[in-house]
Amino acid sequence: MLAAIATVSAAALAAPLAGLLGYRQLKRTAFAGKLRITAPAGIDESGFVRIGGIDQWVSIRGEDRSNPVVLEILGGPGASNLVFLPRTRAWEKHFTIVRWDMRGAGFTFAAGGPQGQGELTHQQLYRDALEVTEHLRARLGVDRLLLVANSFGTVLGLRLARNHPELYSGYVGTDQNIIDGGRERTAYDALLARLRAAGRKKEKELAAAVAMGADRSKWTTKDVAEYNKLVLTSDPLSYATMKTVVMRSLWFSPLHTLRGLRSYLKAMEFSERLQLEAAAFDERAEGTDFRIPFFVFQGDSDVLTPPAPAKRFFDDVTAPVKEFALIRGASHFASFRHPDRFLDLMLTHVRPAVTAQPAAR
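(A) Inspection of the overall build of the protein at higher detail. If you tally the helices and strands in the protein, you get 15 helices and eight strands. Taken against the 2.2 N^0.38 rule, which gives 21 Å for 361 residues, the C-alpha radius of gyration of the protein at 20 Å falls within 12% of a compact globule. Its C-alpha atoms put the protein at 60 × 50 × 40 Å along the principal axes. Looking at the protein as a whole, 56% of its 361 residues are labelled buried. Contacts in the protein between residues far apart in sequence, at least 24 positions, make up 77% of those at least 6 positions apart. Total accessible area on the protein is roughly 14800 Å²; 54% of this is exposed by carbon and sulfur atoms.

Printed below as a string of C-alpha cells:
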C-alpha cells in the first residue's frame, strides 16, 4: 500500500509547491471547522491511553453519546483512519466513532518511533484490541461495541468478532480480506490478466508480478509493497481512488502537519511486516460460526480484495443476522470513496440489527 501511495504522491506533487501549500492550509482550516462537535450530548476527545505497555492514541467522536459505539479497526497495515475524518463526518450523527491508532500506526507510531512500538505481531494487536475494548466499555458505559474493520484490519476484526460475542454487538467488514490459508489468488490472477492485456506498455510490471508468484508465504516485504502498487495502479478506478480519496485525505488532514504526514508513511513502512505474518492465515479453519450479526459491504470493483472471495466466505458464515452488499462504482477504500452509501447500509441493515440484539453470554 505504501508504494502505491508514494507513486500517486509523486504525480500529485508535480504542481508548484508554494501554491499547493497555500491551498492545503485553506482546506485544512475549512475541514477543522467542519469537524467541530457542539451538540450538548456529543463527545470529542482524543489522547494517549496506556495499552499493552505503551501509549496508544484513541479518538472518540460523536454527536450523541447514546448512539451505538463503533470501534474501527484500521487497515494498511499501519494506516490510521484519522485522515478520513472530514469524509466521514456524517457518520458521527448516528454513531460514536472510535478511531484507534494501534501500535505501528499514526500518532502512536509518531510518539514512540520504531523503538517504542514493542512487540508488533498479530497476537499482540489482538491483545491490545481487547484492552482497548475494555477501556471503552468503562469510559463510555456500554456493554458491547460494534466492530467496523476495513482492508487489512479485517484480518484482526474477524478474530475479535468470532471469539468475543460478549464484547461486540456486530461485525462489519469492508474491503474484506480473505487469505484462505494462502489458497486465495483471485486478485493475483486478475492482476496478471490486466497486465497482459496492456501489452508491451506493462511488460516490465508483468515480469515482476510473474517473478514474485502467487505464493505469499515466499514474499518479502518488498514483494508485498510491489504487489500492492501493481494492483492499485494498474486499475483505473483504484488509481483514481488513490488520488481523489486517499491522497487528498492525507494532504488535507487538519490533524496532520507535514512532519506528521512523513511519520504516517513511515508507520506504514514499519508495519508492512504484519502482512508476511498473515500470509498463511486461514479464516475458514479458524471458524465460520459467528454469534453476532455479520455484515460485509464490498466495493463491486475492488481489485485488491475482490468481492467474489469475500462473498464465498460470507456464504459459509452462520450468524444470527447476516447481510452482504456491494457498493457500486467502488474499488478498494469503498467506505471512504462513498461514505454516504456506506452510512446508508449501516443505518438500514446494521444499526437495527445490533440495537435489537440481547447481550451475549
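The structure having been displayed, the exposition proceeds.
(B) Here's a closer look at the sheet that holds strand β2 (residues 54-62). Taking strand neighbours across the sheet as the criterion, the eight strands line up as β1-β2-β4-β3-β5-β6-β7-β8 in an open arrangement whose pairing is mixed. Unpaired on one side and paired on the other, β1 (43-51) and β8 (322-327) mark the two borders of the sheet. Here the strands of the sheet are splayed against their neighbours by 20° on average, with no regard to which way each runs. Packed on one face of the sheet, helix α4 (residues 122-140) meets β1, β2, β3 (69-73), β4 (96-101), β5 (145-150) and β6 (168-174) and runs near 135° to β1. The sheet contacts of helix α5 (residues 153-163) involve β3, β5, β6 and β7 (294-299), and relative to β5 the element is tilted by about 150°.

(C) Geometry of the nonpolar core. One finds Leu-146, Val-172, Tyr-227, Phe-297, Phe-342, Met-346 and Val-350 to be the most contacted residues of the largest nonpolar core, which totals 54 residues. Counting residues per element, this core draws most heavily on helix α15 (residues 339-356), at seven residues. Each residue touching Val-172, except ones within four places of it in the same chain, is listed here: Leu-146, Leu-147, Val-148, Ala-149, Phe-295, Phe-297, Phe-342, Met-346 and Val-350. Counting residues in hydrophobic clusters, the runner-up holds 51 residues, among them Ile-179, Ala-267, Val-296 and Phe-313.

(D) Structural detail: the packing of helix α6 (residues 186-197) against helix α7 (residues 203-212). The N-to-C vectors of α6 and α7 enclose an angle of 155°; their axes lie 9 Å apart at closest approach. As summarised for this structure, α6 and α7 are arranged roughly antiparallel, according to the angle between their axes. Considering how the two elements wind past one another, α6 and α7 form a crossing that is left-handed. Residues Tyr-188, Leu-191, Leu-192, Leu-195 and Arg-196 of α6 lie in contact with α7, whose contacting residues are Glu-205, Leu-206, Ala-209 and Val-210. Across the contact of α6 with α7, the residue classes break down as seven nonpolar, no polar and two charged.

(E) Structural context of the pattern of salt bridges. In the structure shown here, the tally under the stated rule is 21 salt bridges. A salt bridge links Asp-55 to Arg-50, with the shortest nitrogen-to-oxygen separation between them at 3.2 Å. On the accessibility criterion, Asp-55 (37% relative accessible area) is partly exposed. Look at Arg-50 and you get exposed, because its relative accessible area is 53%. Measuring nitrogen to oxygen at the nearest pair gives 2.7 Å for the salt bridge that ties Lys-311 to Asp-315. Of this pair, Lys-311 and Asp-315 are both found in helix α13 (residues 307-316), four residues apart, which corresponds to roughly one turn of the helix. For Asp-315, a relative accessible area of 43% translates into the label partly exposed.

The rules we used
- Residues numbered from 1 in each chain as written.
- Predicted model: local features only at pLDDT ≥ 70, side-chain atom pairs only at ≥ 80, totals over all residues.
- Heavy atoms only, no water.
- Helix = DSSP H or I, 4+ residues; strand = E, 2+ residues; numbered from the N terminus.
- Rg over C-alpha atoms; globule rule 2.2 N^0.38 Å.
- Buried < 20%, exposed > 50% of the residue type's maximum accessible area, 1.4 Å probe, protein only.
- Contact = heavy atoms within 4.5 Å.
- Areas by Shrake-Rupley, 256 points an atom, 1.4 Å probe, with all protein chains shown as cover.
- Pairing = 2+ DSSP bridges.
- Axes fitted to C-alpha atoms, helices over the stretch in contact; angles between N-to-C directions.
- Core = buried A, V, L, I, M, F, W, Y, C linked by side-chain atoms within 4.5 Å.
- Parallel < 35°, antiparallel > 145°, perpendicular 65-115°, else oblique.
- Left-handed = near helix turned anticlockwise from the far one by under 90°.
- Nonpolar A, V, L, I, M, F, W, Y, C, P; charged D, E, K, R; others polar.
- Salt bridge = Lys/Arg side-chain N within 4 Å of Asp/Glu carboxyl O.

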